[in-house]
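Below, each chain spelled out in residue letters.
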Amino acid sequence: NQALARRPGFENALLVKAMAQEKLGQVDTARRTLGSIEGTNPRVIAAQARSLANQGRQTEALQRIRAALVDNPTDTYLIATAAQIYKSMDKEDEARRLVDEALAKNPDQFDLKILKLRLSGKTPEEYKKQYLILVGETKDAYQRAVRLAMFYQKEGDATKELDYLSKAKKLLLDRATPTAR
């Protein structure tokens, strides 16, 4: 609210406000807040589409995402939201097709590779193994360390998580990689 008092209509602040309202169970208020946001920010459009889908308006949600994908054909938020909606409609083939199209345009985008992996139907163990392979292929050592820390956090391995966070911190302090600069 403080950010909005200074900059009414600030998309990111409105988005955070809507997410907080949703978490507090104020679903109708969150929908109104999301509906009040205008613009082309992919995160906002994805949040609006999720809200529409939650109201049972999947077709409208997908139309909004498709329109945004014209200008943002490889945006992970838009594609992940569309894939989630397609899955809820039992149209996993459409979700996979969308991810494959985006990967064809940007084959190096890590988040798209992970989204494709999530849609692959692999067992949890196969998924973990493939995820670690993809992370291992990450060229930037800082990004690799952060992703491994997050992976081990989810696995509940605090020792490895701390180890990779320490590596990431050192790379960041040393400005050792392009991402850490």
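Quick note: structure is the one above.
Residues numbered from 1 in each chain as written. Predicted model: local features only at pLDDT ≥ 70, side-chain atom pairs only at ≥ 80, totals over all residues. Heavy atoms only, no water.

J.: Explanation requested: the overall build of the protein in the structure shown.
T.: A tally of helices and strands in the protein yields eleven helices and zero strands. Counted from the first residue to the last, the protein has its helices and strands arranged as α-α-α-α-α-α-α-α-α-α-α. The buried share among the 181 residues of the protein stands at 36%. A separation of at least 24 residues holds for 37% of the contacts in the protein among residues at least 6 apart in sequence. Accessible surface, the protein: about 11400 Å² in total, of which carbon and sulfur atoms supply 50%. (Helix = DSSP H or I, 4+ residues; strand = E, 2+ residues; numbered from the N terminus. Buried < 20%, exposed > 50% of the residue type's maximum accessible area, 1.4 Å probe, protein only. Contact = heavy atoms within 4.5 Å. Areas by Shrake-Rupley, 256 points an atom, 1.4 Å probe, with all protein chains shown as cover.)

J.: Any chance you could explain helix α11 (residues 158–174) here in plain terms?
T.: What sets the pattern is the α-helix's 3.6 residues per turn: residues three or four places apart point alike. With 17 residues, α11 should cover 24 Å at 1.5 Å per step; its first-to-last C-alpha distance of 24 Å lies within 8% of that length. Positive phi appears at arginine 175, one or two residues downstream of α11, with a value of about 50°. (Expected span 1.5 Å × (residues − 1).)

J.: Sorry if this is basic, but what is going on with the pattern of salt bridges here?
T.: Close approach of charged atoms lets side chains of opposite charge pair. Within the structure shown, the criterion is met by eleven salt bridges. Here glutamate 92 ties to arginine 96 by a salt bridge, and the two come within 3.5 Å at their closest N and O atoms. With glutamate 92 and arginine 96 both in helix α7 (residues 92–105) and four residues apart, this pair spans about one turn of that helix. Owing to a relative accessible area of 34%, glutamate 92 belongs among the partly exposed residues under this scheme. Taken together, the shared-partner salt bridges connect Glu92, Asp93 and Arg96 into one network. (Salt bridge = Lys/Arg side-chain N within 4 Å of Asp/Glu carboxyl O.)

J.: For this particular structure, what's the right way to read unusual backbone geometry?
T.: The bulk of non-glycine residues show a negative phi, and the bulk of peptide bonds are trans. Positive phi is not limited to glycine here, since aspartate 90 has a value of about 60°. Here aspartate 90 shows up in the loop between α6 (76–88) and α7. In this structure aspartate 90 comes out as exposed when scored by relative accessible area, which is 71%. One non-glycine residue, arginine 175, lies in the positive phi region at around 50°. By the secondary structure assignment, arginine 175 is in the segment after α11. Classification of arginine 175 by relative accessible area gives exposed; the value is 53%.

J.: Which parts of the structure should I look at to understand the packing of aromatic side chains?
T.: Aromatic rings considered in pairs are described by the distance between their centres and by the relative angle of their planes. One pass over the structure, following the stated rule, counts five aromatic pairs. Relative to tyrosine 131, the ring of phenylalanine 110 lies with its centre 6.2 Å away and its plane at 75°, an arrangement referred to as edge-to-face. With phenylalanine 110 in helix α8 (residues 110–118) and tyrosine 131 in helix α9 (residues 124–136), the pair connects residues that are 21 residues apart, well separated along the chain. The residues phenylalanine 110 and tyrosine 131 share a single accessibility class, namely buried. Taken together, a centroid distance of 5.5 Å and an interplanar angle of 15° make the contact between tyrosine 131 and phenylalanine 151 stacked. Taken together, the residues tyrosine 131 in helix α9 and phenylalanine 151 in helix α10 (residues 141–155) connect sequence positions 20 residues apart. Owing to a relative accessible area of 10%, tyrosine 131 belongs among the buried residues under this scheme. With a relative accessible area of 9%, phenylalanine 151 lands in the buried category. Members of the aromatic cluster, each reached through a chain of ring pairs, are Phe110, Tyr127, Tyr131, Phe151, Tyr152 and Tyr164. In this arrangement the basic side chain of arginine 147 is found over the ring face of phenylalanine 110, its NZ or CZ atom lying 3.7 Å from the centre. (Phe/Tyr/Trp six-rings, centres within 6.5 Å; stacked < 30°, edge-to-face > 60°. Lys NZ or Arg CZ within 6 Å of the ring centre and 35° of its normal.)

J.: Could you clarify how one ought to interpret the nonpolar core in this entry?
T.: A general feature of soluble globular proteins is that nonpolar side chains tend to end up buried together. Counting residues in hydrophobic clusters, the biggest one holds 24 residues, and the most contacted among them are Ile65, Leu78, Ile79 and Ile85. Residue assignment for this core shows that the elements contributing at least two residues are α4 (42–54), α5 (58–71), α6, α7 and α8. In this structure isoleucine 85 touches Ala49, Ala53, Gln58, Ala61, Leu62 and Ile65, once residues within four positions along its chain are discounted. One finds Phe110, Ile114, Leu117 and Tyr164 within the second-largest nonpolar core, a separate group that totals eleven residues. (Core = buried A, V, L, I, M, F, W, Y, C linked by side-chain atoms within 4.5 Å.)

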